[in-house]
Amino acid sequence: MLAQHVLTVTAEQDEEMKKLIGKSNIEIEKDVNALKDWLNKSPHLPKNEDDIILRRILYYNKFSLEKSKQKLDLYYSSQNLIPEFFENRNPLHASMQKVFDYGMVVPLPKLTNEFQRISISKQITNDNPNFDGWEYVRFLLSTYEYRLWHDRCVSDIFVVDLVNTSFNNLLKISPSCIVNMFAVSQKTYSDKIHSIHIINASTAAHTIIDLLKTLFNAKMGQRIHVHNDLESLYKHVPKDILPEDYGGSEKPLMELHKNWRAFLESQDSWMIDRMKMKSNEKLRPGQPINSDLLGIQGSFRQLNVD
């Protein structure tokens, strides 16, 4: 299955997004070449990065070369710093296949009018005993990897449907793991999170969400919204591009999940190659990089809820 059949970006939308950055194609290629030259002169970093990835990194960092260099360095180094988030990402690996069977993280095919990509996260069955918080977070981060190559958008909107998420499963994800996951998504994948919308949250889930908001900075906390019904969600998210089981006109979420899964599984060799794209810290000039630059908060398992 081709990526354009899963994530749609029209030629008109692509042109409009280019206008937003105010860069000509010639200027863009000049910046891409500058990044490639920098990579070639950095002994600890990979030398064979694809131009598509470099364009995406530049775009998401508003074509600031210095910010793009920092994000690329963190992108390659994070796999060494926090292997918990990056190991076993091959979509055909047993752990990823298990997540496919019980959970979804599905980017919707169409962009909003503001060129945002909506993704829906949901467990397929209620209180699944196979649920593993670390595997699920790793699964979510792997979607960033594919979208860095195949997608174009201005920012991300996440809809988190907790209808099938029990309190027991919520306890399997530590608050620090969630906060650190978003730190990684923004610092390594240059993700721009517009908003997070949580639906079908139980009373117990509300308690955990309130705790999470205190762990994020104020700006991020304000982007998290909890909705009591879909009508409330529609005030923030365009209804028409949502799946039909959420009141929209898009295909049902399960069908989209199956399409996305088929596409990812077809890209297993690509992901295996991507997992090799990491820094060689023994060759890094100057001081070694550390987790402080990623905004990682303490020990990953420090804030586990008992």
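To keep things clear, this report deals only with the structure shown in the data block. (Residues numbered from 1 in each chain as written. Predicted model: local features only at pLDDT ≥ 70, side-chain atom pairs only at ≥ 80, totals over all residues. Heavy atoms only, no water.)

### Some details on the overall build of the chain
Now for step 1: In terms of regular secondary structure, the chain is built from 13 helices and five strands.
Now for step 2: Taken over the C-alpha trace, the chain has a radius of gyration of 19 Å; the compact-globule value for 306 residues is 19 Å, and the two agree within 12%.
Now for step 3: A principal-axis box enclosing the C-alpha atoms of the chain has dimensions of 55 × 45 × 40 Å.
Now for step 4: Once local pairs closer than 6 in sequence are excluded, the contacts in the chain between residues at least 24 apart make up 79%.
Now for step 5: As displayed, the chain offers around 14,100 Å² of accessible surface, 51% of which is attributable to carbon and sulfur atoms.
Now for step 6: In the chain, which carries 38 positive and 39 negative side-chain charges, the distance between the mean positions of the two groups comes to 4 Å. (Helix = DSSP H or I, 4+ residues; strand = E, 2+ residues; numbered from the N terminus. Rg over C-alpha atoms; globule rule 2.2 N^0.38 Å. Contact = heavy atoms within 4.5 Å. Areas by Shrake-Rupley, 256 points an atom, 1.4 Å probe, with all protein chains shown as cover. Lys, Arg positive; Asp, Glu negative; His and termini not counted. Charge placed at Lys NZ, Arg CZ, Asp CG, Glu CD.)

### Examining the pairing of strand E4 (residues 193–199)
Now for step 1: Taken across its seven residues, E4 has six buried, putting it largely inside the fold.
Now for step 2: Sheet topology places strand E3 (residues 155–161) next to E4; six bridges connect them, and they run parallel. The residue bridging Val159 from the neighbouring strand is His197, located in E4.
Now for step 3: Sheet topology note: the E4/strand E5 (residues 224–227) ladder contains four bridges and is parallel. The residue of E5 that forms the bridge with His197 is His225. (Buried < 20%, exposed > 50% of the residue type's maximum accessible area, 1.4 Å probe, protein only. Pairing = 2+ DSSP bridges.)

### Some words on the nonpolar core
Now for step 1: Ranked by size, the top nonpolar core spans 69 residues in total, and within it Phe85, Leu141, Met181, Phe182, Ile196 and Phe216 carry the most contacts.
Now for step 2: Beyond its immediate stretch of four places on either side in the chain, Leu141 contacts Phe85, Met181, Val184, Ser185 and Tyr189.
Now for step 3: Core analysis: the second largest hydrophobic core is formed by 16 residues, Val159, Leu233, Leu242 and Leu256 among them. (Core = buried A, V, L, I, M, F, W, Y, C linked by side-chain atoms within 4.5 Å.)

### Remarks on the packing of helix H2 (residues 25–40) against helix H3 (residues 51–60)
Now for step 1: Interaxial distance between H2 and H3 falls to 10 Å at its minimum, and their mutual angle equals 110°. By the angle class used here, H2 and H3 are roughly perpendicular. The segment H2 lies against H3, with Ile28, Glu29, Asp31, Val32, Leu35, Lys36 and Leu39 engaging Asp51, Leu54, Arg55 and Leu58.
Now for step 2: Taken together, the residues of the contact of H2 with H3 break down into six nonpolar, no polar and five charged. (Axes fitted to C-alpha atoms, helices over the stretch in contact; angles between N-to-C directions. Parallel < 35°, antiparallel > 145°, perpendicular 65-115°, else oblique. Nonpolar A, V, L, I, M, F, W, Y, C, P; charged D, E, K, R; others polar.)

### A look at the pattern of salt bridges
Here the idea is simple: oppositely charged side chains can pair when their charged atoms come close.
Now for step 1: This structure, assessed with the given rule, holds 21 salt bridges.
Now for step 2: A salt bridge links Glu87 to Arg138, with the nearest nitrogen and oxygen atoms 3.9 Å apart. Separated by 51 residues along the polypeptide, Glu87 in the loop between helix H4 (65–81) and helix H5 (94–102) and Arg138 in helix H6 (residues 133–150) bring together distant segments of the chain.
Now for step 3: Between Arg261 and Asp101 there is a salt bridge, and its shortest N-O distance comes to 2.9 Å. Taken together, the residues Arg261 in helix H12 (residues 253–266) and Asp101 in helix H5 connect sequence positions 160 residues apart. (Salt bridge = Lys/Arg side-chain N within 4 Å of Asp/Glu carboxyl O.)

Note that all results are geometric; they support no functional claim without further evidence.
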